[in-house]
Amino acid sequence: MNMGEKTRRDFPILSRIVNGHPLVYLDSAASSQKPLAVIEAVSRYYETSHANVHRSIHTLGEEATERYEAARDAVRAFVGARSREEIIFTRGTTEGINLVAQAVGRTLKPGDEIIVSELEHHSNLIPWQMACRDRGAVLRAIPVVGEGYLDLDAFDRLLSPRTRVVAVAHVSNVLGTINPVTQIAERAHRVGALVLLDGAQAVPHLPLDLNALGADFYAFSGHKMLGPTGSGALWARRQLLDAMPPFLAGGEMIREVHLRRSEWNEVPWKFEAGTPDIASSIGFGVAADYLRELGMDRVREHEKELLTYALVQLMSNHPEIPLYGPLDAGLRSGVVPFNVPGVHAHDVAQVLDRSGVAVRAGHHCTMPLHERLDLPATVRASFNVYTTKADIDALISGITEVKRLFGGFLKAGAG
Ligand code: PMP
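What this report covers is the structure whose coordinates are included nearby. These numbers come from a predicted model, not from an experiment.

## Quick notes on the sheet that holds strand β10 (residues 194–198)
Here's step 1: An order of β4-β12-β11-β10-β9-β5-β6 is seen for the seven strands of this open sheet, with the pairing classed as mixed. Edge positions in the open sheet fall to β4 (87–90) and β6 (138–142), since each of these has one partner strand only. When strand polarity is set aside, the average angle formed by the axes of neighbouring strands in this sheet is 20°.
Here's step 2: Each of β4, β9 (163–169), β10, β11 (217–221) and β12 (232–236) is contacted by helix α4 (residues 93–105), which is oriented at about 150° to β11, the strand it contacts most.

Set out below in structure tokens:
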């Protein structure tokens, strides 16, 4: 039995019937499903130990704090961070990137430059647009070339002593491209720029050693890696966090408050103002342990095998279908964007849903990338640990049904 068949038993939602068919969940890049261990950890926490964290010395308060901080340790271990102080709990990748863009943004001067890429998710683009607009800085973008790679020669030409931050996705949420982030970080550091990586689509799928990557900031989401929504983390080098101003202000991020001035708490709590999403973070820690037990090398192999299978099946059963992204599975994660010629991506997704197949259709929060590819939209099938070849077979049959349904209409349109 392979990983998908074995692990899917741990995911109660996967036994659902949708529109009269067994659910085929191929929308994990938008949000992954949750294993029972995560669901139970969240409900056990509410049933037995809920109280606010870092505040109360009563038993429940201490238990809640202990579990919340244990979750931080689990996430730290999962991504290979050196210390728990380097892990800030956030609500997800978006919040982590905004935290950095706001903090670093305050130090930008007119004429400074930020480099992103053409394949960024909006959450690694708009915060930088806002920071540039506020400070008179300039936003530049690494072009996407070929099957969906970043043009590193063009990147070299963009780099200069004016470059303050390079912010790119580790893995593209549309094309699946695994970007050469270590090389990017090395080159950015040569001109003294800081490097932020958007790890939303990498952490759930690749073995990771954050220290070896060479980045300065790394943002990721819990809900894409089997954890609850409302969970995520920002990793950053300790000395950067110590030097950075807080993002949100309020309770718990302070050591001392006077009417007209305050002193900040230690990291990571300096960046965790207000009551955090305690239950979700606890679930996030359990998700990290679950993946660690599966082994990320095995997860990667499983998804690579699925990707190769999906590409071969699509090409042989539906050769007219345009596929996007690198064809080399070694350079790509388990994300398959495609279009059915003559049928709008939303219609494809709707017909697939009628047979229980859940995919996403649209621009996937990457409008500039779709503009670059000259496509209004794509359909995206995406995998996770519980995906099986049978799921991909259901997708292939679903596409046959889309073509059958729209075939007559397209012929009539053409005639
Ligand atoms: N970056 C990438 C590459 C993503 O795929 C996503 C989620 N679609 C995000 C950032 C934003 O993540 P979140 O919505 O969890 O903040």
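From this point, the discussion proceeds with the structure in view.
## Examining the pairing of β9
For a regular strand, side-chain orientation follows a simple rule: the groups alternate between the two sheet faces.
Here's step 1: Among the seven residues that make up β9, six are buried, leaving the element largely enclosed by the rest of the structure.
Here's step 2: Of the strand pairs in this sheet, strand β5 (residues 113–117) and β9 are connected by three bridges, and their pairing is parallel. Bridge assignment links Ile 115 to a residue of β9, and that residue is Val 166.
Here's step 3: Across five bridges, the pairing between β9 and β10 is parallel. By the bridge assignment for β10, Val 166 is matched with Val 195.
Here's step 4: For the crossover from β9 across helix α7 (residues 181–190) to β10, the handedness is right-handed.

## Comments concerning unusual backbone geometry
Here's step 1: In this structure, Pro 268 follows Val 267 across a cis peptide bond, with omega equal to 5°.
Here's step 2: You can see Pro 268 is positioned in the loop between β14 (262–264) and α10 (278–294).
Here's step 3: The phi torsion at His 54 lies on the positive side, around 60°, for a residue other than glycine.
Here's step 4: In this structure, His 54 sits in the loop between α2 (36–48) and α3 (59–79).
Here's step 5: Given a relative accessible area of 27%, His 54 falls into the partly exposed group.

## Let's talk about the environment of Arg 133
Here's step 1: Take Arg 133: it is sitting in helix α5 (residues 126–135).
Here's step 2: Given the relative accessible area of 61%, Arg 133 is considered exposed.
Here's step 3: For Arg 133 and Val 402, which are 269 residues apart along the polypeptide, the C-alpha to C-alpha distance reads 44 Å.
Here's step 4: Polar side-chain contacts of Arg 133 include one of 3.4 Å to the side chain of Asp 134.

## Topic: the nonpolar core
Here's step 1: One finds Val 79, Phe 155, Val 166, Tyr 218, Phe 220 and Val 385 to be the most contacted residues of the largest nonpolar core, which totals 69 residues.
Here's step 2: In terms of residue count, α10 provides more of this core than any other element does, nine residues in total.
Here's step 3: Each of two domains, domain 1 (38–293) and domain 2 (296–414), supplies a minimum of three residues to this core.
Here's step 4: If we ignore the near neighbours within four places in the chain, the residues touching Tyr 218 are His 170, Leu 197, Gly 199, Ala 202, Val 203, Leu 208, Leu 210, Leu 213, Ala 233, Leu 234 and Trp 235.

## Section: the sheet that holds strand β15 (residues 335–338)
Here's step 1: Spatially, β15-β18-β17 is the arrangement adopted by the three strands of the open sheet, whose pairing is antiparallel. Lying at the two open borders of the sheet, with one neighbouring strand each, are β15 and β17 (360–362). With strand direction ignored, the average angle separating the axes of adjacent strands in the sheet is 25°.
Here's step 2: Examined bridge by bridge, β15 and strand β18 (residues 378–382) share four bridges and lie antiparallel to one another. In the strand pairing of β18, Val 335 is matched with Ser 382.
Here's step 3: Across the face of the sheet, helix α12 (residues 345–354) comes into contact with β15, β17 and β18 while running at roughly 160° to β17.

## Structural notes on the site of the ligand
Here's step 1: As a structural note, the neighbourhood of the ligand is formed by Gly 92, Thr 93, Thr 94, His 121, Ser 123, Asn 173, Asp 198, Ala 200, Gln 201, Ser 221, His 223 and Lys 224.
Here's step 2: Thr 94 places a side-chain nitrogen or oxygen 2.5 Å from an oxygen atom of the ligand.
Here's step 3: In this structure, a nitrogen atom belonging to the ligand sits 2.5 Å away from a side-chain N or O atom of Asp 198.

Reading the values: the criteria
- Residues numbered from 1 in each chain as written.
- Predicted model: local features only at pLDDT ≥ 70, side-chain atom pairs only at ≥ 80, totals over all residues.
- Heavy atoms only, no water.
- Pairing = 2+ DSSP bridges.
- Helix = DSSP H or I, 4+ residues; strand = E, 2+ residues; numbered from the N terminus.
- Axes fitted to C-alpha atoms, helices over the stretch in contact; angles between N-to-C directions.
- Contact = heavy atoms within 4.5 Å.
- Buried < 20%, exposed > 50% of the residue type's maximum accessible area, 1.4 Å probe, protein only.
- Right-handed = clockwise from strand over helix to strand, strands pointing away.
- Polar contact = N/O pair within 3.5 Å; in protein donor to acceptor, adjacent residues only side chain to side chain.
- Core = buried A, V, L, I, M, F, W, Y, C linked by side-chain atoms within 4.5 Å.
- Domains from an automatic or database assignment.
- Near = heavy atom within 4 Å.

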